[in-house]
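Now for the letters of each chain:
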Protein chains: 2
Amino acid sequence: MAGPALGAELRALMTERLHRAGQRVTANRETLVAVLAAAGRPLTIPEIIEAAGTLAQSSAYRNLQALEQAGLVHRIVTNDDFARYELAEDLTEHHHHLICRSCGTVEDVPAAPGLERSVRAAADAIARDTGFHTQHHRVDLLGLCRRCA
Amino acid sequence: MAGPALGAELRALMTERLHRAGQRVTANRETLVAVLAAAGRPLTIPEIIEAAGTLAQSSAYRNLQALEQAGLVHRIVTNDDFARYELAEDLTEHHHHLICRSCGTVEDVPAAPGLERSVRAAADAIARDTGFHTQHHRVDLLGLCRRCA
DNA sequence: CTTTCTGCAAACGATTTGCAGCAGC
DNA sequence: GCTGCTGCAAATCGTTTGCAGAAAG
């Protein structure tokens, strides 16, 4: 099956961003966004394809690429075999990742305000010192998830 | 040529860790470590092979894998085409990465103490809340390097 | 109706692996 | 001298791409 239906709010956003990027709204794309929205954590391509029900691999790859260009989803690469995708951060809430070194699973955790403040301060200092202009950041905690510990 | 020679200290560490991992010390491996030590930033495999002078691709991949198992180097994956390697953190000093979204280059920056403290505090809170046991962390700043800005 | 999307199967390319000969220890 | 490393070339496998028919707008 095609996973849970899309909320009206999310669908509207999706339509707008796809059109702005010159892309069409199709059933496959709605399914992909719905699957990612329901997961609440980054999914590998095989996980996505399975959750989507019927979906050609090439369509999964192509549509996830299209959705990324439209700013709806975000690709993340770990040391795992497959890339993972999650909803774009402005559709969820800013979060960081817990990556299990044993099973490879990636979980989301909300970003702690104190940590965010420290990251911004560090980025400002770096801009002064090196000229690097920070647009975004990523904090990953690597270790063992509860199940693998 | 084979890049700069290895410091005595680093060579001793390298010998010890390779032997402990049941691996031999070879000219190729010394070259690889020397190249990474000289670079001071994560290098892609093509960069490594070029800097090493003469080195079969397969040997590069195999030896970097061996060195990683021995705890001497560390592999990092970006959205770039190639994986990158750098010296293990306990051979350098704990640092974070500046990743340029335009040219893909990765630079090292020393970790700011305040930021480190915040990350540890966040990890502790997460352990309490979710049972995830943090062993290591990664902070990447994404943006534009001075040259691409 | 035109342009883009879909699924299939073939192509791609970074990384891995089999093998025969050489080097570490 | 035994075992593990080296380089070469071939295999692997996640991902990308060409193409003909179907669907979005």
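Residues numbered from 1 in each chain as written. Chains lettered and ligands numbered in written order. Predicted model: local features only at pLDDT ≥ 70, side-chain atom pairs only at ≥ 80, totals over all residues. Heavy atoms only, no water.

### Comments concerning the protein's contact with DNA strand D
In the vicinity of DNA strand D, 23 residues are found, and the nearest of them are Tyr61 of chain A together with Gln23, Arg24, Ser59 and Arg62 of chain B. Backbone sugar and phosphate groups make up 65% of those atoms of DNA strand D lying within 4 Å of the protein. In this structure, Gln23 of chain B approaches DNA strand D through a side-chain N or O atom, which is 2.8 Å from a phosphate oxygen. The separation between a phosphate oxygen of DNA strand D and a polar side-chain atom of Asn63 of chain B is 2.9 Å. When contributions to the surface near DNA strand D are tallied by element, the ones reaching two or more residues are α4 (57–69) of chain A together with α2 (27–39) and α4 (57–69) of chain B. At five residues, the largest contribution of residues to the surface near DNA strand D is made by α4 of chain A. (Near = heavy atom within 4 Å. Polar contact = N/O pair within 3.5 Å; in protein donor to acceptor, adjacent residues only side chain to side chain. Helix = DSSP H or I, 4+ residues; strand = E, 2+ residues; numbered from the N terminus.)

### Looking at helix α3 (residues 45–52) of chain A
Residues and elements named next belong to chain A. Residues of α3 that are buried: Ile45, Ile48, Ile49 and Ala52. The buried residues of α3 occupy one face: seen down the axis, they fall within an arc of 95°. Residues of α3 that are buried sit in contact with α2 (27–39), β1 (43–44), α4 and β3 (84–87). (Buried < 20%, exposed > 50% of the residue type's maximum accessible area, 1.4 Å probe, protein only. Arc of directions from axis to C-beta. Contact = heavy atoms within 4.5 Å.)

### A look at the sheet that holds strand β4 (residues 95–100) of chain B
Taken together, the six strands give an open sheet; going across it, the order is β5(A)-β4(A)-β6(A)-β6(B)-β4(B)-β5(B), and neighbouring strands pair in mixed fashion. Edge strands, defined here as strands with exactly one partner in the open sheet, are β5 (106–110) of chain A together with β5 (106–110) of chain B. In this sheet, neighbouring strand axes are inclined to one another by 30° on average, regardless of whether the strands run parallel or antiparallel. Pairing geometry for strand β4 (residues 95–100) of chain A and β5 of chain A, over five bridges, is antiparallel. Across the sheet, Leu98 of chain A pairs through a bridge with Glu107 of chain A, a residue of β5 of chain A. In the packing of helix α5 (residues 113–130) of chain A onto the sheet, contacts are made with β4 and β6 (133–144) of chain A together with β4, β5 and β6 (133–144) of chain B, and the angle to β6 of chain A comes to roughly 130°. (Pairing = 2+ DSSP bridges. Axes fitted to C-alpha atoms, helices over the stretch in contact; angles between N-to-C directions.)

### Observations concerning the relation of the copies chain B and chain A
In this arrangement, two copies of a chain are superimposed by a rotation about an axis accompanied by a shift along the axis. For these two chains of identical sequence, chain B goes onto chain A by a turn of 180° and a shift of 0.0 Å along the axis, with RMSD 0.1 Å. Taken together, the rotation angle and the small translation identify this as a two-fold axis. Among all C-alpha atoms of chain B, that of Val139 of chain B lies closest to the rotation axis, at 2.3 Å. Interface residue correspondence from chain B to chain A reaches 100%, placing this contact among same-surface, isologous pairings. (Least-squares fit on C-alpha atoms with pLDDT ≥ 70 in both.)

### Points about α2 of chain A
Residue and element names in this part refer to chain A. Counted at 1.5 Å a residue, the expected span for α2 with its 13 residues is 18 Å, and the 18 Å between its end C-alpha atoms agrees. Along α2, the positions that sit buried rather than exposed are Arg29, Thr31, Leu32, Val33, Ala34, Val35 and Leu36. Against α1 (8–20), β1, α3, α4, β2 (73–76) and β3 lie the buried residues of α2. Of the residues trailing α2, Gly40 is marked for its positive phi of about 70°. (Expected span 1.5 Å × (residues − 1).)

### Brief notes about the domain arrangement of chain A
Residues and elements named next belong to chain A. In terms of domains, chain A is made up of domain 1 (1–92) and domain 2 (94–149). Each partner contributes to the interface: domain 1 provides ten residues, whereas domain 2 provides nine residues. The tally of links between domain 1 and domain 2 comes to five residue pairs in polar contact (both at pLDDT 80 or more). Grouping the amino acids of the side of domain 1 that touches domain 2 by side-chain chemistry returns two nonpolar, three polar and five charged. (Domains from an automatic or database assignment. Nonpolar A, V, L, I, M, F, W, Y, C, P; charged D, E, K, R; others polar.)

### Comments concerning the protein's contact with DNA strand C
In the vicinity of DNA strand C lie 23 residues, with Gln23, Arg24, Ser59 and Arg62 of chain A together with Tyr61 of chain B positioned nearest. Here a phosphate oxygen of DNA strand C and a side-chain polar atom of Asn28 of chain A are 3.1 Å apart. Of all the secondary structure elements, the ones that give two or more residues to the surface near DNA strand C are α2 and α4 of chain A together with α4 of chain B. Residues belonging to the surface near DNA strand C are distributed by class as follows: six nonpolar, ten polar and seven charged.

### A word on the packing of helix α3 (residues 45–52) of chain B against α4 of chain B
All names here are of chain B. Packing of α3 against α4 brings their axes to within 10 Å, and their N-to-C directions diverge by 110°. Here α3 lies roughly perpendicular to α4, going by the angle between them. Here the hand of the crossing between α3 and α4 comes out right-handed. The segment α3 lies against α4, with Ile45, Ile48 and Ile49 engaging Gln57, Ala60, Tyr61 and Leu64. (Parallel < 35°, antiparallel > 145°, perpendicular 65-115°, else oblique. Left-handed = near helix turned anticlockwise from the far one by under 90°.)

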